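Understanding the architecture of this molecule
What follows is the residue order along each chain.
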Amino acid sequence: MKSYRRLTLALLLSSGLIGCATTTPVAQTPPYTALAHAAPRAEVPLDLESDHTVSGLFIAGATALREGRAGDAARFFDRATEIAPEEDKGYLREHTFTAAIMAGDIERAARTAPADAEADGYKLGRLVVAVDDLATGEGQAAYDILKTENLGPAYRMAADLVRPWAALAAGDTVAAIGQRVAIDSPQQVVPALNQARILEAAGRAQEAGTIYASLSDRAPGVSLFALAQGGNLERQGLRREALARYDAFLAQAPGDARVTLARTRAARRQPAEPLPSIQAGAGSALLLAAKQALDQRALETGIAYLQLSLRLDPDDGEALIMMGDYL
């Protein structure tokens, strides 16, 4: 897949709109509409039905991208695709696809995902379609894509994390759980955490708890693991054990707000945090993939994963905050 930054630059060059790039670098132009996707709002009416030319709509889309209006850009490119000659539709559809991902319009991105296996965006497109299927309750369709498509090294980690959730949505619990992940390297931590969440979602809370405990033992100062283990214990009715876990963590990091809140809730005998839905669980998996990609400076891939995560769980506050930070 082409880098979004390079693609935006190519669009601006082709439309003759790069003149002020020395004062407003394309790489710094933020697609602010992406963050707003999780809080639906009325779209600003665009003049898409007048007697436009393909080139005019293309330039309008490029201008919108340059101004940080990725959602408008996707709509202009989409309209251009509709009226373009057949030989130009694939080219324009790829631009629609890319702009739609930037804007967080995953439904449009799935609809316009490249169908040509040789296209730059094909592999990401298959992941996008699978995620959109899962978001709309089509678990079997999502699983069929993720178990048969080779998405290559760029998207393998995300696909490997989402595939078990798709299998669970499709009713294949055995495939969803898979082989036990051995936590013998840092690279296995994320898959192990994902597997524990799937085990718990499949009703195997004690097995999930074993993995959570192992992760907590390896990294006792990581709040993510303390919260996961504590929540698991609470849901099993083991409130005292959960409180002990929270206390052990807070002895090292007394200012952690999330663990403090969990500890207070448990101490008051309030209900534990419920298990997430399959969609929210898959969204959390993509959030883990996004964090890893962003830590490795893969900005475009990380933002794409964040947008896909929000398609599955639009109310995930952590994903929204991360999106705001990186935009």
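Structure: see above.
Reference entry: report on the structure contained in this document. (Residues numbered from 1 in each chain as written. Predicted model: local features only at pLDDT ≥ 70, side-chain atom pairs only at ≥ 80, totals over all residues. Heavy atoms only, no water.)

1. What to know about the pattern of salt bridges
Counted by the stated rule, this structure contains 18 salt bridges. A salt bridge links R235 to E200, with the nearest nitrogen and oxygen atoms 2.7 Å apart. Here R235, found in helix α13 (residues 223-235), pairs with E200, found in helix α11 (residues 189-201); they are 35 residues apart in sequence, far enough to count as distant. In this structure, the salt-bridge partner of E207 is R204, at a minimum N-O distance of 2.7 Å. (Salt bridge = Lys/Arg side-chain N within 4 Å of Asp/Glu carboxyl O. Helix = DSSP H or I, 4+ residues; strand = E, 2+ residues; numbered from the N terminus.)

2. What about the nonpolar core?
Counting residues in hydrophobic clusters, the biggest one holds 78 residues, and the most contacted among them are L127, V128, L146, L286, Y305, L306 and L308. When neighbours within four sequence positions are excluded, L146 is seen to be in contact with L127, A130, L151, A159, V162, R163 and A166. Residues L227, Y246, F249 and A262 belong to the second largest nonpolar core, which totals eleven residues. (Core = buried A, V, L, I, M, F, W, Y, C linked by side-chain atoms within 4.5 Å. Buried < 20%, exposed > 50% of the residue type's maximum accessible area, 1.4 Å probe, protein only. Contact = heavy atoms within 4.5 Å.)

3. Structural notes on unusual backbone geometry
With phi around 60°, R269 is a residue other than glycine that occupies positive phi space. The topology assignment puts R269 in the loop between α15 (257-267) and α16 (278-295). Exposure remark for R269: the relative accessible area of 63% places this residue in the exposed category. Look at R297: it is not a glycine, yet its phi comes out positive at around 70°. With respect to the helices, strands and loops of the structure, R297 is situated in the loop between α16 and α17 (299-312).

4. Points about the environment of I145
Tracing the sequence through the fold places I145 in helix α8 (residues 139-148). The class for I145 is buried, based on a relative accessible area of 8%. Separated by 16 residues in the primary sequence, I145 and V129 have C-alpha atoms spaced 8.4 Å apart. Apart from residues no more than four positions distant in its own chain, I145 is found in contact with R126, V129, A130 and D133.

5. Some thoughts on the layout of surface pockets
Looking at the largest pocket, its volume works out to about 890 Å³. Forming the walls of the largest pocket are 29 residues, and the residues nearest its centre are R197, L227, R258, E273 and S284. Where the lining of the largest pocket is concerned, the elements lending two or more residues are α11, α13, α15 and α16. Classifying every residue of the lining of the largest pocket by side-chain character gives 15 nonpolar, three polar and eleven charged. (1 Å grid on protein atoms, 1.4 Å probe; cavity = no way out; pocket = protein on both sides within 12 Å on 5 of 7 lines; lining within 4 Å. Points joined across faces, edges and corners; volume = space filled by probe spheres on them. Nonpolar A, V, L, I, M, F, W, Y, C, P; charged D, E, K, R; others polar.)

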